[in-house]
Amino acid sequence: MIFRTNADDHRTTWVVTERREPIRIGYALVSPERAGTVTVTVGGSGANSAVHVVYDLTALDLASDHELEAFVAGYARYLQSWEHQIVAAVSRREPQRGAPPPG
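Undergrad: Looking at this structure, I do not really get the packing of aromatic side chains. What am I missing?
TA: Geometry of an aromatic ring pair is reported as the spacing of the ring centres plus the angle between the planes. In total, this model carries nine aromatic pairs according to the counting rule given. For the ring pair Trp 14 and Tyr 27, a centre distance of 5.7 Å and an interplane angle of 85° mean the geometry is edge-to-face. With a gap of 13 residues between them, Trp 14 in strand β2 (residues 10–20) and Tyr 27 in strand β3 (residues 24–30) connect regions that are remote in the sequence. The pair Trp 14 / Tyr 27 is uniform in exposure class, with both members buried. Between Phe 71 and Tyr 75 the ring centres are 5.9 Å apart and the planes differ by 65°, which places this aromatic pair in the edge-to-face class. Here the aromatic cluster, defined as three or more aromatic residues joined through ring pairs, consists of Tyr 55, Phe 71, Tyr 75, Tyr 78 and Trp 82.

Undergrad: It is not clear to me how the sheet that holds strand β5 (residues 50–59) should be interpreted in this structure. Could you clarify?
TA: Two orientations exist for strands paired in a sheet by backbone hydrogen bonds: parallel and antiparallel. The five strands are arranged β1-β2-β3-β4-β5 in an open sheet whose pairing can be described as antiparallel. For this open sheet the edge positions go to β1 (2–7) and β5, each flanked by a neighbour on one side alone. Adjacent strand axes in the sheet meet at a mean angle of 25° when their direction is disregarded. As defined by bridge partners, β2 adjoins β3 across seven bridges and the pair is classed as antiparallel. The residue bridging Trp 14 from the neighbouring strand is Leu 29, located in β3. Across the sheet, helix α1 (residues 62–73) touches β2, β4 (34–43) and β5, and the angle it forms with β5 is around 165°.

Undergrad: Would you mind showing me how to read a nonpolar patch on the surface here?
TA: Residues Trp 82, Ile 86 and Val 90 make up a contiguous nonpolar surface patch of about 300 Å² in total accessible area. Among the secondary structure elements, Trp 82 is positioned in helix α2 (residues 75–92).

Undergrad: Would you mind showing me how to read unusual backbone geometry here?
TA: If a residue is not glycine, its phi is most likely negative; likewise, a peptide bond is most likely trans. Cis geometry is found at the peptide bond from Glu 21 to Pro 22, where omega equals -5°. Considering the arrangement of structural elements, one finds Pro 22 in the loop between β2 and β3.

Undergrad: Explain the pattern of salt bridges here, please?
TA: Two side chains bearing opposite charge may form a pair once their charged atoms approach each other closely. Scanning the model with the defined rule gives four salt bridges in all. Among the salt bridges present, the one from Glu 21 reaches Arg 19, with a minimum N-O distance of 1.9 Å. Taking the relative accessible area as the measure of exposure, Glu 21 reaches 59% and is therefore exposed. Via salt bridges that share partners, Glu 18, Arg 20 and Arg 24 belong to a single interconnected network.

What counts, and where the lines are drawn
- Residues numbered from 1 in each chain as written.
- Predicted model: local features only at pLDDT ≥ 70, side-chain atom pairs only at ≥ 80, totals over all residues.
- Heavy atoms only, no water.
- Phe/Tyr/Trp six-rings, centres within 6.5 Å; stacked < 30°, edge-to-face > 60°.
- Helix = DSSP H or I, 4+ residues; strand = E, 2+ residues; numbered from the N terminus.
- Buried < 20%, exposed > 50% of the residue type's maximum accessible area, 1.4 Å probe, protein only.
- Pairing = 2+ DSSP bridges.
- Axes fitted to C-alpha atoms, helices over the stretch in contact; angles between N-to-C directions.
- Contact = heavy atoms within 4.5 Å.
- Patch = residues over 30% accessible without salt bridge, like charges linked within 9 Å, V, L, I, M, F, W, Y side chains within 5 Å.
- Areas by Shrake-Rupley, 256 points an atom, 1.4 Å probe, with all protein chains shown as cover.
- Salt bridge = Lys/Arg side-chain N within 4 Å of Asp/Glu carboxyl O.

This is the structure in structure tokens:
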């Protein structure tokens, strides 16, 4: 699968390079400023799940190098924002048809 995002004024093309449901997915990404890979691995299950995210990025020009350094410096905060967004999205999710109600 290939898709594009446009977040924070960064237009990025993503390619899924690996997919092992439900535990691992890998992406290659390219934007005008950077390129690299992202791997997301899930361990455990349910409320005991843990997610390990690895970015391997390269700035494509000297001007983008400072931006990449800022991304590295704010990485923990960046991942925490994703955690909060995912928890909020899962909390809002409607049960699938035919699925038993939670609880």
